[in-house]
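# Survey of secondary and tertiary structure
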Amino acid sequence: MSGGLLRLVWRNLWRNPRRTMIAMTAIGLGYAMLLFVACLMAGLRQQMIESGTGLLLSEIEVHAPDYYPDRPLQRTLGGRDGTDVDALVAAITADPRVQAASPRVYGGGLVSATHQSAGVQILGVVPDVEQTITVLQTRMVKGSYLNGGMPKGIIMGDKLATMIGVEVGSEIVLLTPAADGSTGNDLYTVAGTFHTGLDAMDRTLVVMPLASLQELLRLPPGRIHEIGIKLHDIDEASATVVAFEVQLSETFPVRVRPWQELAPELADYVQFNHRVTFILFFIFFLSAAMGIVSTLLMAIIERTRELGLLMSLGMRPGQVVGLIVAESACLAAVSLVLGGALGAPLLWYLQVHGLNLGGEGDDSVSLGGIVVGPLWYGRPDWAAYTQAAVGLAVTALASALFPALRAARFRPAEALRKV
Amino acid sequence: MKPNILYNSVPAVGLLAMLAAEGAKAIYAASVRTIEGKAACFSMRRKKAGVAICLGLAWLSLAQVSQAAVDQRAQENVDRVSRLLVSQSSIATVDMQITKVDWQRTISMQLWTLRDTNVLVRIRQPQEDAGTAILKVGAKAWIYLPKANRTVTMPASMMTTSWMGSHFTLDDLVSQSRLSDNYAIATSFAGQRDGVAVFEYTLTPKSSAAVVWGKIVMEVRESDLMPVWQRYYDEDGKPVRELSFSEYKTINRRLIPTRLVMRPLDQAAEQSTITYESIAFDTPIGAEMFSLSKLKQ
Amino acid sequence: MAGVLLLAKIGWRNLWRSPRGTLVTAAALGLGLTLLLTSLGLLDGSHDQVVGNGVRFGTGHVVIQAQGYQDTGSQELLLPAGVVSATEAFLRTENGVARGVSPRLLASGLLSSAANAIGVGVMGVIPKEERAVSLIPERIVEGTYLDDDQRPGVVIGVELARKLAVKIGGRVVLMTQAVQPPGTETANAGEGEMQSSLLRVSGIFRTGVQGIDANIIQVPLAEAQTLLGVPGRITQIAVLLEQEGDAPMVAQGLQTRLTGVPVEILTWREAMPALAQLMLLDEAFNYVMNGVVLAMVGLGILNTILMRVLARRYEFGLFSALGLRPAQLAVMVVGESLALTAISLALGLVLGLTVQHYFATSGLDLRWFFESSLPDALVFDPIIYSRLSAARIASSVGIVLLMATLISFYPALKAARTKLPDALKVF
């Protein structure tokens, strides 16, 4: 596009500054709002995922190849095939994307108090390390989370405690099939109870120190079932899994899974949410098209004489179309910049301060597996920002076609006569 | 997000299954009914049948009569086998050796049974588990753990799957039901195998029998009607497990196989073996034997 | 002084002086309303769908159980007799509010096959009723759901089928312990033996929820009652409503109807708190979305109206020169706007309701937008059905009307301030 035409386009836009300003503001504001929503929703998704994976699952889990989902006791990392678990954990933690990695052991059996027994899933963790990847410690209702001081201390779901009639300080027996075929059993003390809001966890989960569980299960220290991983950026989950599967498999036989595979229902909902947001994009494009078409049509009608003049001076219909379309493109471009400028502080505020929707379950922040507090933080979603911009540009060009074609059909002689 | 719904109807049942499948200690109940009377009766009947057959040859077709007799005999033989180690009450000393892919174990225990509802097991070996006792009365069960010095309640269903981690189920060892109650019995072979005269019976489940097997095939020695092996098939005709009998001894005037080996047919390396050191049938056992207080002794 | 009526007539004729312009503007405004109605309908619909799906995997919108069942889950806690009839009687008086009522007997048991034995949660259901309430009947992937005449059979989840290595028609044995409801003789604790019964797998379902696919089985209610030794008794009644919003009212009504009976009546928010939390989230999300859509539509209206008016300086100058006073000019402009808005709303309403109706019946298939990575067993339907209540329609129309009117004050003011003779200049 020649410089001259560009200058013409620009001048044309500003010939009626108010009209142009209004159109630009409208589209710009629309874009800013889109950015706002995209950012907010990205933040929301992040919070949901972190919340859903932060209690028991983790963002990525590493297992022996045939371990998940049936969880046979014997399919451990380490032990049978000589895998050095410490080296594995070190290799994982060394990756810059990883925030922390926590080893875990699982057992299943009975918990028994004086009169009642119940079937439970038993999880063994290293408390200090586990707290860096999950947040169960924030859900304690009575007593305290595991700490190094009590090797025979366990914590359990509050509903479980009610079911078997125990409290903090009560003594219980854990009974579980051990790795050597015997029945592991021992006495433990209830150090605390937690409430997650997830019935399955509150009714059937017991958590205890990893070493104690290994002892109960007659598993040697070098054998664990799972390594839970938390990343700095959860969006990296899938990519990290792929990388790990390639990289780790060279030395250790493992299978790596992202949270999407471990919690497909959560992944479903997040995807669903994401898609619904796109409906919004669609609406934005339509309203923008609405605005552009009406603006341009008005402009054409107003500039009938001018266009007639141009055409009688030799401008070809094709060039007229080009001119109008270029004006539209220019309008869109400036609006985008304007929208971006307007939106940037909004986005900054969202990401740093968050949006307080106070009243949305504020005193029930600790309920439910997904806890998203009344404060929503935003997260940049460059993909969405770009898609919106591109979509808008396309819409602008497309909407300009109708008015442009109308203009191209002016007959110079008639046009000149218009008042 | 779809949280784990249906809390109401999903307690930790799935986890119980894990425990059951892996093996919680279970109670072994074996009632044994005396077969001596039956044996006497049977040989009488045999004589009678023999006479009847000879006479019948005169005016009934040989095939018809002998077929009926053979079927009747087949049913009796099969029922007899399933009652060999079962009686009103019994006290036994048993060794069980379990070989699994990941571990091996030998347990030595004492068993008391009363009908098929009450079972008491006390473990003697290995040392670390000595004193562990399991009691089952009806649908309830308890286990006493010496190390923790505690008695724990257990759901009885846990024992109906793998018993003590072995390949046997409680039903294998205790069930009083006659095979003929649930299965239709046909003789599929009669003759010599490896120089021994045997009968082979094929059992197919009756229409509403609550059994999982598609069919059971068993081989029984003709001479003393001792079982040699039993093979369990699923509905597609695939053999799933095989129980072999050996080391036949006469104990308390009863001839029984004292060595039972159960092999899963999809895992070549695994098997469980039960060896009876001693067994006494129908000595009186009081009901108080099967009480919680007895568990701890 | 030209009466308001005269102004109105002039205003109307103004509109039609450039019919094409007017129609374009009306179309643009109407489109705004259409967009608003469509997006509201889809958002509301998707929200209801998420709730609907959630409760259909669980205990429905309202559930009636024996007191204490929610906390303990003890299968001995059965509903007293007569509750079912009382419930149905009540729901009959509230015409059309319930979509389905399913009485269920819940217990735990052991399901064995030749290959394996797994602990399961047993649901005894009446197939016809359960179909109206639960999603399991709709997620059968192999075989068929239970018979309406309650012939013996069992449906199990894919995970369970895999672990038990059974196919359709395969043999499984269900072992349960007879339930002893409180009040019956329990002297010989544990004397009752386990009951076994042969079942043939009639159908296999896949819900996508691991906990259900690996653990839950459904058998005909009569069968379950026999197995558990509790003829005529049930554990809970799950009620599915047409509208989620009716749940509190129905629960309240049932509570009144059943005072004195030891039952607990829970809405889904109480019975499934995790789902309730999710819904709060979803509601907040929708709240934000609606706000944004409204704002965008508002901007579109702003753009359109202003465009239209700003081009008429000359015209206003003429009116002014002919004697119309500023106030009258303002009124005329506002009147025009109102008339225009009315036309637009009519157009928008017609188009909007048509589009909404399309989405309400055929639904919006989100897969259109995302061919990628949709897992097979989607817990959520990828098709959103629109749902628009009369209240929503009324408020949308009201808001657009309000916005258009407010926006038109600006050009009205501008018109009033028309300065002669500048306005009469052609260029």
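Residues numbered from 1 in each chain as written. Chains lettered and ligands numbered in written order. Predicted model: local features only at pLDDT ≥ 70, side-chain atom pairs only at ≥ 80, totals over all residues. Heavy atoms only, no water.

### Section: the overall build of chain A
Rules: Helix and strand definitions here come from DSSP, where helices need a minimum of 4 consecutive H or I residues and strands a minimum of 2 consecutive E residues; each element is numbered from the N-terminal end. The atom set for the radius of gyration is the C-alpha atoms, and the globule formula is 2.2 Å times the number of residues raised to the power 0.38. Exposed residues in this analysis have more than 50% of their type's maximum accessible area, buried residues have under 20%, and partly exposed residues fall in between, with area computed by a 1.4 Å probe over protein chains only. Only heavy atoms matter for contacts: two residues are in contact if any of them lie within 4.5 Å across the pair. Computed by Shrake-Rupley with a 1.4 Å probe, the accessible areas treat only the displayed protein chains as cover when residues are assessed. When charges are tallied, Lys and Arg are placed among the positive residues and Asp and Glu among the negative ones, while His and the ends of the chain are skipped. The location of each charge is read from NZ of Lys, CZ of Arg, CG of Asp or CD of Glu.
Looking only at helices and strands, chain A features 14 helices and 12 strands. In terms of overall dimensions, chain A is more spread out than a globule: its C-alpha atoms have a radius of gyration of 31 Å, far above the 22 Å expected for 419 residues. Along the first, second and third principal axes, the C-alpha atoms of chain A reach 105 × 50 × 30 Å. The proportion of buried residues among the 419 residues of chain A is 59%. Expressed as a percentage of contacts within chain A between residues at least 6 apart in sequence, the contacts between residues at least 24 apart total 78%. Surface exposure of chain A reaches about 16100 Å², of which carbon and sulfur atoms provide 61%. Of the charged side chains in chain A, 31 are positive and 36 negative; the average position of the first set lies 20 Å away from that of the second.

### Things to note about the overall build of chain C
Within chain C, the regular secondary structure consists of 14 helices and 12 strands. In terms of overall dimensions, chain C is more spread out than a globule: its C-alpha atoms have a radius of gyration of 31 Å, far above the 22 Å expected for 427 residues. C-alpha atoms of chain C, sized along the principal axes, occupy 110 × 50 × 30 Å. Per-residue burial over chain C gives 57% buried out of 427 residues. Pairs at least 24 residues apart make up 81% of the contacts formed inside chain C by residues separated by at least 6 positions. Here chain C has roughly 17400 Å² of accessible surface; of this, 59% comes from carbon and sulfur atoms. For chain C, the centre of its 32 positive side-chain charges and the centre of its 33 negative side-chain charges are spaced 18 Å apart.

### A few points about the nonpolar core
Stated formally: In this text, buried Ala, Val, Leu, Ile, Met, Phe, Trp, Tyr and Cys residues form a nonpolar core when linked through side-chain atoms within 4.5 Å.
One finds Ile92(A), Met156(A), Ile172(A), Leu174(A), Ile227(A), Ile229(A) and Ile156(C) to be the most contacted residues of the largest nonpolar core, which totals 226 residues. Sequence-distant contacts of Ile229(A), that is, excluding residues within four places in its chain, are made with Ser58(A), Glu59(A), Ile60(A), Val62(A), Ile92(A), Val98(A), Ala100(A), Ala101(A), Ile133(A) and Phe244(A). Core analysis: the second largest hydrophobic core is formed by 66 residues, Ala141(B), Ala148(B), Ile256(B) and Leu260(B) among them.

### Regarding unusual backbone geometry
With an omega dihedral of 5°, the bond running from Tyr68(A) to Pro69(A) counts as a cis peptide bond. As for its position among the elements, Pro69(A) is in the loop between strand E1 (60-63) and helix H3 (85-94). Omega for the bond connecting Gln125(B) with Pro126(B) falls within 30 degrees of zero, at 0°, which places this linkage in the cis form. Notably, Leu225(B) is not glycine yet its phi reads approximately 60°, a positive angle. Mapping Leu225(B) onto the fold places it in the loop between strand E9 (215-221) and strand E10 (227-233). Its relative accessible area of 10% is what places Leu225(B) among the buried residues. For Asn252(B), which is not glycine, the phi torsion reads 50° and is therefore positive. Tracing the sequence through the fold places Asn252(B) in the loop between strand E11 (239-251) and strand E12 (254-264).

### Concerning the pattern of salt bridges
Going by this rule: Put simply, a salt bridge is a Lys or Arg side-chain nitrogen that is within 4 Å of an Asp or Glu carboxyl oxygen.
One pass over the structure, following the stated rule, counts 38 salt bridges over all chains. Between Asp70(A) and Arg162(C) there is a salt bridge whose closest N-O contact spans 3.2 Å. With Asp70(A) in the loop between E1 and H3 and Arg162(C) in helix H6 (residues 158-164), this pair bridges two chains. On the accessibility criterion, Asp70(A) (39% relative accessible area) is partly exposed. Between Arg104(A) and Glu226(A) there is a salt bridge whose closest N-O contact spans 2.7 Å.

### Structural notes on empty space enclosed by the protein
Cut-off, in case you're wondering: Grid points spaced at 1 Å over the protein atoms alone were grouped into cavities, where a 1.4 Å probe fits but cannot get out, and pockets, open sets with protein on both sides within 12 Å along at least five of seven lines, with lining residues defined by an atom within 4 Å of a point. Grid points are joined across faces, edges and corners, and a volume is the space filled by probe spheres set on the points. All amino acids are sorted into three groups, where Ala, Val, Leu, Ile, Met, Phe, Trp, Tyr, Cys and Pro are nonpolar, Asp, Glu, Lys and Arg are charged, and the leftover types, Gly among them, are polar.
With the rule as written, the count across this model stands at 11 cavities of 30 Å³ or more. Empty space within the second largest cavity amounts to approximately 100 Å³. Around the second largest cavity, the lining residues are Ala26(A), Ile27(A), Gly30(A), Phe284(A), Ser287(A), Ala288(A), Gly291(A), Met296(C), Leu299(C), Gly300(C) and Asn303(C). Elements supplying a minimum of two residues to the lining of the second largest cavity: helix H2 (17-53) and helix H10 (264-302) of chain A together with helix H11 (273-310) of chain C. Tallied by class, residues from the lining of the second largest cavity come to 6 nonpolar, 5 polar and no charged.

### Points about the interface of chain C and chain A
Rules: Put simply, buried area is the surface a 1.4 Å probe can reach on two separate parts but cannot reach once they are joined, added for both. In protein, a polar contact means a hydrogen-donor-capable atom and an acceptor-capable atom, both N or O and within 3.5 Å, with residues adjacent in sequence counting only if both atoms are side-chain atoms; elsewhere, any N or O pair within 3.5 Å suffices.
Opposite the 60 residues of chain C that make contact, chain A presents 55 residues. Of the roughly 5100 Å² buried at the junction of chain C and chain A (both faces included), carbon and sulfur atoms supply 75%. Broken down residue by residue, the surface that chain C buries against chain A is led by Phe285(C), Met296(C) and Met307(C), which jointly contribute 13%. Viewed at the interface, chain A and chain C are joined by 2 residue pairs in polar contact (both at pLDDT 80 or more). Taken together, the elements giving at least two residues each to the side of chain C that touches chain A come down to helix H2 (19-56), helix H3 (69-72), H6, H11 and helix H14 (390-416) of chain C.

### Description of a nonpolar patch on the surface
Inclusion rule: Two joining distances apply to patches: 9 Å for like charges and 5 Å for nonpolar side chains (Val, Leu, Ile, Met, Phe, Trp, Tyr), and every residue must have over 30% relative accessible area and no salt bridge.
Taken together, the side chains of Tyr314(C), Leu318(C), Leu322(C), Leu420(C) and Leu424(C) make up a nonpolar region of the molecular surface, amounting to roughly 460 Å² of accessible area. A relative accessible area of 30% places Leu424(C) in the partly exposed class.

### Quick notes on the pairing of E11(B)
Residues and elements named next belong to chain B. The test is simple: Between any two strands, pairing holds if DSSP finds at least two bridges.
Bridge count between E10 and E11: 5 bridges; the pairing is antiparallel. Note that in E11 the partner of Arg-231 across the bridge is Glu-242. Between the antiparallel neighbours E10 and E11 lie 5 residues, among them Gly-237 with a positive phi of about 85°. The pairing of E11 with E12 spans 10 bridges and is antiparallel. Residue pairing across strands places Tyr-248 opposite Pro-257, the latter belonging to E12. From the end of E11 to the start of E12, which pair antiparallel, there are 2 residues, and Asn-252 there has a positive phi angle of about 50°.

### With respect to the environment of Val121(B)
Checked against the element boundaries, Val121(B) lands in strand E3 (residues 118-125). Val121(B) sits 15 residues away from Lys136(B) along the chain, and the two C-alpha atoms are 8.9 Å apart.

### Quick word on helix H4 (residues 83-93) of chain C
Residues and elements named next belong to chain C. The following threshold applies: When we speak of the arc, we mean the arc of directions from the helix axis to the C-beta atoms.
What H4 keeps buried is the set Val-83, Ala-86, Thr-87, Phe-90 and Leu-91. Taken end-on, H4 shows its buried residues confined to a sector of 130°, consistent with a single buried face. Counted as exposed and oriented over 90 degrees from the buried face of H4: Arg-92 and Thr-93. Packing partners of the buried residues in H4 comprise strand E1 (62-66), strand E2 (98-112), strand E9 (236-241), helix H9 (247-257) and strand E10 (263-267).

### Details of the packing of aromatic side chains
Each aromatic ring pair is summarised here by two numbers: the centre-to-centre distance and the angle between the ring planes. Formally: For Phe, Tyr and Trp, where Trp contributes only its six-membered ring, two rings pair if their centres lie within 6.5 Å, and the inter-plane angle classes them as stacked under 30 degrees, edge-to-face over 60, or tilted in between. A ring is considered to have a charge above it if a Lys NZ or an Arg CZ atom is located within 6 Å of its centre and within 35 degrees of its normal.
Across all of its chains, the model carries 7 aromatic pairs over all chains by this definition. Aromatic side chains Trp382(A) and Tyr385(A) sit 5.2 Å apart centroid to centroid with 80° between the ring planes, which places their arrangement in the edge-to-face category. Placement of the pair is Trp382(A) and Tyr385(A) together in helix H13 (residues 382-408), with a separation of 3 residues, close to one helical turn. Accessibility expressed as a relative area gives 63% for Trp382(A), which makes it exposed. For the cation-ring pair, Arg193(B) lies above Phe189(B), with the distance from its terminal atom to the ring centre recorded as 4.4 Å. A cation sits over an aromatic face here: Arg254(B) above Phe281(B), 3.7 Å from the ring centre.

### A look at the environment of Gly208(C)
Residue and element names in this part refer to chain C. Residue position: Gly-208 is located in the loop between strand E7 (194-205) and helix H7 (210-213). The class of Gly-208 is buried, set by a relative accessible area of 16%. Sequence separation of Gly-208 and Arg-20 is 188 residues, and the distance between their C-alpha atoms is 54 Å.

### A few points about the confidence of the model for chain C
Residues and elements named next belong to chain C. Note the following rule: For every residue, the pLDDT score states the predictor's confidence, bounded by 0 at the bottom and 100 at the top.
Per-residue confidence for chain C averages 82 on the pLDDT scale, and 91% of its residues sit at or above 70. Throughout residues 184-191 the model reports pLDDT below 50, and contacts reaching past four residues in sequence, or to other chains, amount to 9 contacts. Segment residues 371-377: pLDDT under 50, and 9 contacts once partners within four positions in sequence are set aside and those in other chains are kept. For this predicted complex, the interface confidence reaches an ipTM of 0.72, while the overall pTM sits at 0.77.

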